[in-house]
Amino acid sequence: MRLGPAEHHEIEMTVNGTPRSAPAPARRLLSDFLRHDLGLTGTHVGCEHGVCGCCTVLLDGEPVRSCLMFAVTAAGHSITTVEGLAGAGGALSPVQRAFQECHGLQCGFCTPGFLCTVTALLRDNPRPTDDEVLEGVSGNLCRCTGYQNIVKSVRRAAELLAEEPT
Amino acid sequence: MKPPAFAYHAPDTLGAALAALAEAGDGGKVLAGGQSLVPLLNMRLAAPAELVDINRITALDTLEVTAGGVRVGALARHSRVERSDAAAGVQPLLRRALENVAHPVIRNRGTVVGSLAHADPAAELPAVLALLDGTVEVRSATGRRTVPAGAFFTGPLESALLPGELAVSAFFPALPPRTGTAFRELSRRHGDYALAGVAVTVGLDEDLRVATARAGYLGVAATPVVLDLTGPALAAQEGRPAGECDWAEVGGYAAARLDPEPDIHASAEYRRTLAGVLTERALRAAAAEGGRSDS
Ligand SMILES: Cc1cc2nc3c(=O)[nH]c(=O)nc-3n(C[C@H](O)[C@H](O)[C@H](O)COP(=O)(O)OP(=O)(O)OC[C@H]3O[C@@H](n4cnc5c(N)ncnc54)[C@H](O)[C@@H]3O)c2cc1C
Ligand code: FES
Ligand code: FES
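Per chain, residues are indexed from 1 in the order of the written sequence. Chain labels run from A onward and ligand labels from 1 onward, assigned in the order the entries are written. The model is predicted, so local features are restricted to residues of pLDDT at least 70 and side-chain atom pairs to those at 80 or more, both for listing and for counting; the totals for chains, interfaces and linings are taken over all residues. Here the side-chain values reflect all heavy atoms present in the structure, with hydrogen atoms and water set aside.

Colleague: Residues and numbers for the confidence of the model for chain B, please.
Modeller: Residue-level confidence of the predictor, termed pLDDT, takes values from 0 up to 100. Mean pLDDT for chain B: 96, with 99% of residues reaching 70 or above. We note a pTM of 0.97 for the whole complex and an ipTM of 0.95 for its interfaces.

Colleague: Give me the lowdown on the packing of helix 5 (residues 130-137) of chain A against helix 6 (residues 148-163) of chain A, citing residues and values where you can.
Modeller: All names here are of chain A. To obtain an axis, a line is fitted to C-alpha atoms, over the contacting stretch when the element is a helix, and the angle between two such axes runs from 0 to 180 degrees between their N-to-C directions. Working definition: helices are DSSP H or I runs of at least four residues, strands are E runs of at least two. Numbering for both runs from the N terminus. Packing of helix 5 against helix 6 leaves a shortest axis separation of 10 Å and a crossing angle of 115°. You can see that helix 5 and helix 6 cross each other, and the crossing is right-handed. Taken together, the residues of helix 6 that come into contact with helix 5 (itself represented by Asp130, Val133, Leu134 and Val137) are Val151, Val154 and Arg155. Of the residues assigned to the contact of helix 5 with helix 6, the class counts are 5 nonpolar, no polar and 2 charged. We call a crossing left-handed when the near helix sits turned anticlockwise from the far one by less than a right angle, and right-handed when that turn is clockwise. Should any heavy atoms of two residues lie within 4.5 Å, those residues are considered in contact. Here the term charged refers only to Asp, Glu, Lys and Arg, the term nonpolar to Ala, Val, Leu, Ile, Met, Phe, Trp, Tyr, Cys and Pro, and the term polar to all other amino acids, Gly among them.

Colleague: Describe in detail the UniProt feature "domain: FAD-binding PCMH-type" (unreviewed entry) in chain B, supporting the description with residues and values.
Modeller: UniProt positions are given in the numbering used here, feature names are shortened, and annotations may be inferred rather than shown by experiment. The feature "domain: FAD-binding PCMH-type" (unreviewed entry), as annotated in UniProt, sits at residues 1-177 of chain B in this numbering. For residues 1-177 of chain B, the end-to-end C-alpha separation is 51 Å, with 33% helix and 25% strand making up the annotated structure.

Colleague: I'd like a rundown of unusual backbone geometry, residues and numbers included.
Modeller: The backbone phi angle of His103 of chain A is positive, close to 55°, even though this residue is not glycine. Mapped onto the elements of the fold, His103 of chain A is located in the loop between helix 3 (94-101) and helix 4 (111-124). The backbone of Ala119 of chain B sits at a positive phi, close to 55°, despite the residue not being glycine. With respect to the helices and strands, Ala119 of chain B occurs in the loop between helix 7 (112-118) and helix 8 (124-131). The classification of residues rests on relative accessible area computed with a 1.4 Å probe and restricted to protein chains. Under 20% of the type maximum is buried, over 50% is exposed, and intermediate values are partly exposed. A residue is classified by how much of its surface remains accessible, and Ala119 of chain B, at 3% relative accessible area, is buried.

Colleague: How would you sum up the site of ligand 1? Please name residues and give values.
Modeller: Only a single heavy atom is needed: when it lies within 4 Å of a molecule or strand, its residue is near that molecule or strand. In the vicinity of ligand 1 lie 34 residues, with Val30, Ser36, Leu37, Thr111 and Glu124 of chain B positioned nearest. Those chains with residues close to ligand 1 are chains A and B. With respect to ligand 1, the backbone of Val30 of chain B contributes an N or O atom lying 2.6 Å from an oxygen atom. Surface exposure here means Shrake-Rupley accessible area, sampled with a 1.4 Å probe, where a residue is shielded only by the protein chains that are shown. Starting from 960 Å² of accessible surface for ligand 1 in isolation, the protein chains cover 94%. Going through the elements one at a time, strand 2 (28-31), helix 7 and strand 10 (166-173) of chain B are the ones with two or more residues in the shell around ligand 1. Considering each element in turn, the shell around ligand 1 owes the most residues, 5 residues, to helix 7 of chain B. By the criterion applied in these results, polar contacts are pairs of N or O atoms within 3.5 Å in which, for protein atoms, one can donate a hydrogen and the other can accept it, and in which residues neighboring in sequence qualify only through two side-chain atoms.

Colleague: Outline the interface of chain A and chain B, listing residues and values.
Modeller: The interface of chain A with chain B comprises 30 residues on the first partner and 34 residues on the second. Both sides of the chain A and chain B interface together cover about 2600 Å² of buried area, and 56% of this is carbon and sulfur. When the buried surface of chain A facing chain B is broken down by residue, Arg27, Leu68 and Phe70 of chain A rank first, second and third, together holding 24% of it. Applying the counting rule to chain A against chain B returns 16 residue pairs in polar contact (both at pLDDT 80 or more). Counting residues per element, the ones that place at least two in the side of chain A that touches chain B are strand 1 (2-3), strand 4 (56-59), strand 5 (62-65) and helix 2 (71-74) of chain A. Considering every element that reaches the side of chain A that touches chain B, the biggest residue donor is strand 5 of chain A, with 4 residues. Here the side of chain A that touches chain B is built from residues that sort into 15 nonpolar, 8 polar and 7 charged. Should DSSP find at least two bridges between two strands, the strands are taken to pair. Two elements, strand 1 of chain A and strand 1 (residues 7-9) of chain B, share 2 bridges in a ladder whose sense is antiparallel. Bridge pairing in strand 1 of chain B places Arg2 of chain A opposite His9 of chain B. Buried area counts how much accessible surface, traced with a 1.4 Å probe, disappears from two parts once they are put together, with both parts' losses summed.

Colleague: Talk me through empty space enclosed by the protein; I want residue IDs and the actual numbers.
Modeller: The method works on a 1 Å grid over the protein atoms by themselves. A cavity is a set of points holding a 1.4 Å probe that cannot get out, a pocket is an open set with protein on both sides within 12 Å along at least five of seven lines, and residues with an atom within 4 Å of a point line them. Grid points are joined across faces, edges and corners, and a volume is the space filled by probe spheres set on the points. Per the counting criterion, the structure on display carries 1 cavity of 30 Å³ or more. For the largest cavity, the calculated volume is near 50 Å³. If you go around the largest cavity, the residues you meet are Leu68, Met69, Phe70 and Thr73 of chain A together with Leu31, Ala32, Gly33, Gly34, Val38, Asn55 and Arg109 of chain B. Its residues placed into classes, the lining of the largest cavity shows 6 nonpolar, 4 polar and 1 charged.

Colleague: Summarise the domain arrangement of chain B; cite the residues concerned and give the values.
Modeller: Residues and elements named next belong to chain B. Segmenting chain B into domains produces domain 1 (7-53), domain 2 (58-172) and domain 3 (180-292). Start and end points for every domain follow an automatic or database-based domain assignment. Relative placement of domain 2 and domain 3: their C-alpha centres are 22 Å apart. Taken together, the contact pairs 25 residues of domain 2 with 23 residues of domain 3. Here domain 2 and domain 3 share an interface that buries about 1900 Å² over both sides, 64% of which is from carbon and sulfur atoms. Any Lys or Arg side-chain nitrogen located within 4 Å of an Asp or Glu carboxyl oxygen qualifies as a salt bridge. Seen at the junction of domain 2 and domain 3, the total is 2 salt bridges. A salt bridge links Glu289 to Arg96; the nearest nitrogen and oxygen atoms lie 2.6 Å apart. Inspection of the domain 2/domain 3 interface yields 4 residue pairs in polar contact (both at pLDDT 80 or more). For the side of domain 2 that touches domain 3, the secondary structure elements donating two or more residues are helix 5 (92-98), helix 8 and strand 8 (153-155). Tallying contributions element by element places helix 8 first for the side of domain 2 that touches domain 3, with 6 residues. In terms of residue class, the side of domain 2 that touches domain 3 is made up of 15 nonpolar, 5 polar and 5 charged.

See below:
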């Protein structure tokens, strides 16, 4: 397949469990595809060069920077955005509840990226050490909180997840 | 900012990728993990006419570990290689270096071979490949070649890859017996590109005296620098018990042989001093590990 520079291509992917598609050119970043073409503005865009982590989404369950990926590359894959973290009827996920309880956000700009990153972190490592928590969120920047409450939120989320009925 | 327009190819076989690259010629560029290329596109520092996305070529998503070494396919992500206990067993420097490459989320997408092809002077993996005398396996529509690390890195962000070529894998040789390794770097913030860094190997003889010492540096020149520190290490253990060595002396020797450039992050003098200190610490740790690996 060759897609010309100006050509639009119907890009299909599963987003938050639902098949979605929209026409977009090859140069469309996944972050912009989610926000502009699919109207899912929960994914935030800060720096567009991979540094801030605001745009982090889950690609087949793994956290990735949506600003460093073209939507066409993600075609056929499964994406989870912050909109997809809550349970049935909008019940907040344990990670979301922990951020709320512990004041892990102020302006909330960085929050979608933290929530996606931490969701995957605690799935892979339900009982992280303090160092593992710091390492896990080290790629996400927050200009408001000073991080202390974010780290507390991650620990609290681990507790809430451990209490979840399995 | 947004990337400039480009024509896009998404081949699912190596043959189709090589054909697309051959046709694209000078205007062609490989897209692997995109963790270096997409920032360059977003900042409009690069504007390739044709992008050949290799993410659908599952045949390149390989990690082969043998007693002889670790062969990493072009689509193996940093995170996969980092997590592989088999790879760390045969070549511990891979995991040790990868832990210092960006952040975990970036490592979920970025590829080891892409990092080599990108040839950033401050990147960890090129220094490791150079230290170990590894190789890069290169294919094009018309042929294949194996490029030794020493010839692969040709300048800052420049490799020996020619238009139409794809690096299909990289080989990191295993360690000889009784050899310890260590990796040390300093960056302003964890996950940033380092101000300077070093990967070392220290080999011990049967009496656990130091027999070889080598160091590969990042961030001190346009390409990775490898120093054989065996001579000074032998001299610096003269008259000392087995396993002990004046590593500060060897670090100083190494620093005197490096000629780093200043930039906005650090002066040349600071980088040189830093490289010497990191060398000392890494060699000490590697020698201790070499002694332990004897049992
Ligand atoms: C915030 C941030 C921090 C980072 N920090 C570090 C760091 O500390 N250390 C570090 O080493 N890296 C760092 N990186 C870069 C990261 O490691 C990249 O993953 C890596 O440099 C490039 O791998 P990639 O697969 O993403 O390649 P891409 O970005 O897809 O490609 C990079 C270049 O290599 C070429 N290329 C890629 N694969 C091939 C191939 N198989 N054959 C021929 N050419 C190829 C491309 O054409 C392009 O020119 C960082 C990135 C970000 C966004
Ligand atoms: S917007 Fe993607 S990392 Fe900042
Ligand atoms: S809450 Fe404002 S940037 Fe994190």
